[in-house]
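Below are the chains, spelled out letter by letter.
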Amino acid sequence: MARFLLFLIPQSISLFGSSVLQFAIIWSIVYSYGSGTMLLLSAVLGFVPQILSSCLVGPTLDRRSKKAAIIASDGISALAAAAAMPFLSTGGDASVLLPLLAIRSFCQGVQTPAVNAVLPLLAPNGRLAMANGLRGFLSSIVM
């Protein structure tokens, strides 16, 4: 159970941070531009890449290294967060923040299914239902 929790809790924290960044970028752009169109564009770029990548990545993850996918997506998402920070503090420059928002969204669409595919492998024998319940609980907190 310890191995399961040592994987699940940091992943949940990472996904929470990524979600906070997404909303920070969206609201920074909206606050800077004061436009409903920019809110729509930010929301679309914040969610659609995640939806598309999570649908397309599933079959690929079955044949590839889930560990590599988790590490790569988390690393790229962290780099996007680091690149976004100076622009968030000085006002939302949409030409920079919108692509970073799409990159972050795509990475979360890769990371979430990869984490969900690994968790049953790490769950203690006979405790899969409890492990999935805990994963669902933490996912609800993240969202």
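Residues numbered from 1 in each chain as written. Predicted model: local features only at pLDDT ≥ 70, side-chain atom pairs only at ≥ 80, totals over all residues. Heavy atoms only, no water.

## Focus: the packing of helix 1 (residues 2-33) against helix 4 (residues 94-122)
(1) Moving on: Where helix 1 contacts helix 4, the axes come no closer than 10 Å and their chain directions differ by 160°. One finds that helix 1 runs roughly antiparallel with respect to helix 4. Where helix 1 crosses over helix 4, the two elements pack in a sense that is left-handed.
(2) Moving on: Within the contact of helix 1 with helix 4, the residues separate by chemical class into 18 nonpolar, nine polar and two charged. (Axes fitted to C-alpha atoms, helices over the stretch in contact; angles between N-to-C directions. Helix = DSSP H or I, 4+ residues; strand = E, 2+ residues; numbered from the N terminus. Parallel < 35°, antiparallel > 145°, perpendicular 65-115°, else oblique. Left-handed = near helix turned anticlockwise from the far one by under 90°. Nonpolar A, V, L, I, M, F, W, Y, C, P; charged D, E, K, R; others polar.)

## Some remarks on helix 2 (residues 36-63)
(1) Moving on: Taking 1.5 Å of rise per residue, the 28 residues of helix 2 would be expected to cover 40 Å, and the 42 Å separating its terminal C-alpha atoms lies within 8% of that figure.
(2) Moving on: Along its length, helix 2 shows its largest kink, about 40°, at Val57, and proline Pro59 lies within four residues downstream of that point.
(3) Moving on: Among all positions in helix 2, only Met38, Ser42, Gly46, Pro49, Gln50, Ser53, Val57 and Leu61 are buried.
(4) Moving on: Looking at the packing, one finds that the buried side of helix 2 touches helix 1, helix 3 (66-90) and helix 4.
(5) Moving on: Between the side-chain oxygen of the N-cap and the backbone nitrogen of Thr37 there are 3.1 Å, and the N-cap of helix 2 in question is Ser35. (Expected span 1.5 Å × (residues − 1). Bend = angle between axes of the 7 residues up to and from the residue. Buried < 20%, exposed > 50% of the residue type's maximum accessible area, 1.4 Å probe, protein only. Contact = heavy atoms within 4.5 Å. Polar contact = N/O pair within 3.5 Å; in protein donor to acceptor, adjacent residues only side chain to side chain.)

## Focus on a nonpolar patch on the surface
(1) Moving on: A surface patch of nonpolar side chains, amounting to about 490 Å² of accessible area, comprises Phe23, Trp27, Leu39, Phe47 and Ile51.
(2) Moving on: Listing elements by their share of the nonpolar patch, those giving two or more residues are helix 1 and helix 2.
(3) Moving on: Per element, the largest residue contribution to the nonpolar patch is three residues, and it comes from helix 2.
(4) Moving on: Along the chain, Trp27 falls in helix 1. (Patch = residues over 30% accessible without salt bridge, like charges linked within 9 Å, V, L, I, M, F, W, Y side chains within 5 Å. Areas by Shrake-Rupley, 256 points an atom, 1.4 Å probe, with all protein chains shown as cover. Salt bridge = Lys/Arg side-chain N within 4 Å of Asp/Glu carboxyl O.)

## Points about the state of the cysteines
(1) Moving on: Scanning all chains against the criterion turns up zero disulfides.
(2) Moving on: Among the cysteines around Cys55, which has no disulfide bond, Cys107 carries the closest sulfur, lying 16 Å off.
(3) Moving on: Here Cys55 falls in the exposed class, since its relative accessible area comes to 55%.
(4) Moving on: Taking the relative accessible area as the measure of exposure, Cys107 reaches 5% and is therefore buried. (Disulfide = S-S within 2.5 Å.)

## A short note on the layout of surface pockets
(1) Moving on: By volume, the largest pocket amounts to about 170 Å³.
(2) Moving on: As for the largest pocket, its lining consists of 15 residues, and the residues nearest its centre are Leu15, Thr112, Asn116, Ser139 and Val142.
(3) Moving on: Put simply, the parts of the chain that give the lining of the largest pocket at least two residues each are helix 1, helix 4 and helix 5 (128-142).
(4) Moving on: Considering every element that reaches the lining of the largest pocket, the biggest residue donor is helix 5, with five residues.
(5) Moving on: Within the lining of the largest pocket, the residues separate by chemical class into six nonpolar, eight polar and one charged. (1 Å grid on protein atoms, 1.4 Å probe; cavity = no way out; pocket = protein on both sides within 12 Å on 5 of 7 lines; lining within 4 Å. Points joined across faces, edges and corners; volume = space filled by probe spheres on them.)

## Considerations on the environment of Thr90
(1) Moving on: With respect to the helices and strands, Thr90 occurs in helix 3.
(2) Moving on: The class of Thr90 is exposed, set by a relative accessible area of 65%.
(3) Moving on: Considered as a pair, Thr90 and Pro124 are 34 residues apart in the sequence and their alpha carbons are 47 Å apart.

## What to know about the side chain of Ser53
(1) Moving on: Position of Ser53 among the secondary structure elements: in helix 2.
(2) Moving on: When neighbours within four sequence positions are excluded, Ser53 is seen to be in contact with Ser105, Phe106, Gly109 and Val110.

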